[in-house]
Amino acid sequence: MKVIIGSGVVLALLAILPSIQYVLAAGDSTGEYLDRRVEIWGLFYRLMIVAFTVGTVVSGLIVWLVLRFRESNPKAKPTSYEESGSW
Amino acid sequence: MRNQGRGKMSGHSTWPEWVYVGVVVALLCYVGAEAWNIERIIEHVPEDAELIKVEGQQWLWTFEHEDGTKEIGELHLEKGKAYRFEVTSKDVIHSFNIHDYTVLMDAVPGRINHVWFSPNVAGEFDIQCREYCGLIHYNMRGTLIVEDKGA
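From a predicted model like this one, the values you see are computed outputs, not experimental measurements.

So, about the overall build of chain B. On a plain count of helices and strands, chain B comes out with 1 helix and 10 strands. Of the regular secondary structure in chain B, the N- to C-terminal order runs α-β-β-β-β-β-β-β-β-β-β. For chain B, whose C-alpha radius of gyration is 24 Å, the value lies well above the compact-globule estimate of 15 Å for 151 residues. Along the first, second and third principal axes, the C-alpha atoms of chain B reach 85 × 40 × 25 Å. Split into buried and exposed, the 151 residues of chain B put 23% on the buried side.

This paragraph deals with the interface of chain B and chain A. Each partner contributes to the interface: chain B provides 30 residues, whereas chain A provides 29 residues. Considering every element that reaches the side of chain B that touches chain A, the biggest residue donor is helix α1 (residues 15–42) of chain B, with 17 residues. Here the residues of the side of chain B that touches chain A sort into 21 nonpolar, 7 polar and 2 charged.

This part covers the nonpolar core. Ranked by size, the top nonpolar core spans 20 residues in total, and within it B:Val54, B:Tyr83, B:Phe85, B:Val87, B:Trp116 and B:Leu144 carry the most contacts. Setting aside its immediate chain neighbours within four residues, B:Val87 contacts B:Val54, B:Phe96, B:Met105, B:Ala107, B:Ile112, B:Asn113 and B:Val115.

Residue and element names in this part refer to chain B. In space, the 5 strands of this open sheet follow the order β4-β10-β9-β6-β7, with mixed pairing throughout. Both edges of this open sheet fall to β4 (74–78) and β7 (103–107), since each of them pairs with a single strand only. If you compare each strand with its neighbour and ignore which way they point, the axes differ by 20 degrees on average.

The next point concerns unusual backbone geometry. All names here are of chain B. In this structure, Trp59 follows Gln58 across a cis peptide bond, with omega equal to 0 degrees. Structurally, Trp59 can be placed in the loop between β1 (50–57) and β2 (60–64). Phi at Thr102 takes a positive value of approximately 55 degrees, unusual for a residue other than glycine. Within the fold, Thr102 resides in the loop between β6 (94–98) and β7. Judged by the 17 C-beta atoms lying within 10 Å of it, Thr102 is partly exposed.

Across chain A, the average pLDDT comes to 83, with 87% of residues at 70 or higher. Looking across chain A, the model is least confident in helix α1 (residues 2–26) of chain A, with a mean pLDDT of 76, and most confident in helix α2 (residues 36–68) of chain A, with 92.

Here we come to the sheet that holds strand β8 (residues 113–117) of chain B. Residue and element names in this part refer to chain B. The strand order across the open sheet built from 5 strands is β3-β2-β1-β5-β8, with neighbouring strands paired in mixed fashion. Of all the strands in the sheet, just β3 (70–72) and β8 have a single pairing partner and so form its edges. Here the average twist between neighbouring strands, direction ignored, is 25 degrees. The pairing of β2 with β3 spans 3 bridges and is antiparallel. Residue pairing in the sheet places Thr62 in a bridge with Ile72 of β3.

Looking now at the environment of B:Lys149. Residue and element names in this part refer to chain B. Residue placement: Lys149 occurs in the segment after β10 (141–147). Taking the number of C-beta atoms within 10 Å as the measure of exposure, Lys149 has 9 and is therefore exposed. With 120 residues separating them along the chain, Lys149 and Cys29 place their C-alpha atoms 43 Å apart. In this view, Lys149 contacts Glu78, Lys79 and Gly80; residues no more than four positions away in its chain are not counted.

This part takes up the confidence of the model for chain B. Residues and elements named next belong to chain B. Looking at chain B as a whole, the pLDDT averages 90, with 92% of positions reaching at least 70. Across residues 1–5, where pLDDT falls below 50, the model places 4 contacts with residues more than four positions away in sequence or in other chains. In the predicted assembly, ipTM is 0.78 and pTM is 0.72.

Residue and element names in this part refer to chain B. Two elements, β6 and strand β9 (residues 123–129), share 2 bridges in a ladder whose sense is antiparallel. Bridge pairing links Phe96 to Cys129 in β9. Examined bridge by bridge, β9 and β10 share 6 bridges and lie antiparallel to one another. Its bridge partner lying in β10, Gly123 is registered against Val146.

About the criteria used
Residues numbered from 1 in each chain as written. Chains lettered and ligands numbered in written order. Predicted model: local features only at pLDDT ≥ 70, side-chain atom pairs only at ≥ 80, totals over all residues. Helix = DSSP H or I, 4+ residues; strand = E, 2+ residues; numbered from the N terminus. Rg over C-alpha atoms; globule rule 2.2 N^0.38 Å. Buried ≥ 20, exposed ≤ 12 C-beta atoms within 10 Å, placed from the backbone. Contact = placed C-beta atoms within 7 Å. Nonpolar A, V, L, I, M, F, W, Y, C, P; charged D, E, K, R; others polar. Core = buried A, V, L, I, M, F, W, Y, C linked by C-beta atoms within 7 Å. Pairing = 2+ DSSP bridges. Axes fitted to C-alpha atoms, helices over the stretch in contact; angles between N-to-C directions. pLDDT = per-residue confidence, 0-100.

The structure is reproduced here in structure tokens:
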């Protein structure tokens, strides 16, 4: 069930987000003069913010996982599988 | 013990993972939509844009204005006007690049590619080939001269 709901959310996002962008941008972009530099570099910086944010979160999560779940962590305790010795 | 906890290997809630996946997917959607949208906007040429035919060949650039004026290695444009370029090549693949104005388009033999821009700063700017095209590729350069209106 969760997989179905998750897939539905993903598909909805894939369909809805581009549509919203299209609707919002359609009115003000018809052949107007614009500065390519501003548009292209602006896009670049926005995407770099996303890329570095994702990179920070992912690497931060990995560092936290490695430190938190190392065997030598005082808070570490064996999983139920390890305790019972079978899984 | 197999399948203990109705298929959950970890034995704990998996919602954080799903939130994490959702956030990443949403960010990817944002990246895709934003890039697509900007590309769409900058490809939309103003109606009054003047046509300039650009032809690359080893190792120089030739420009032809709408009125038939030809220039080699130099391109004179008027500040504040829009120009659309039809870019092609005589021999091998080149790439027409005006770095200061973020203009970049491949020049391919037998094919016409389009790009447009509107210079908003007067002065001299470099034109260069951005695709390795042979021995003297490094020196396949030109000069863009943007002049104030009426200059």
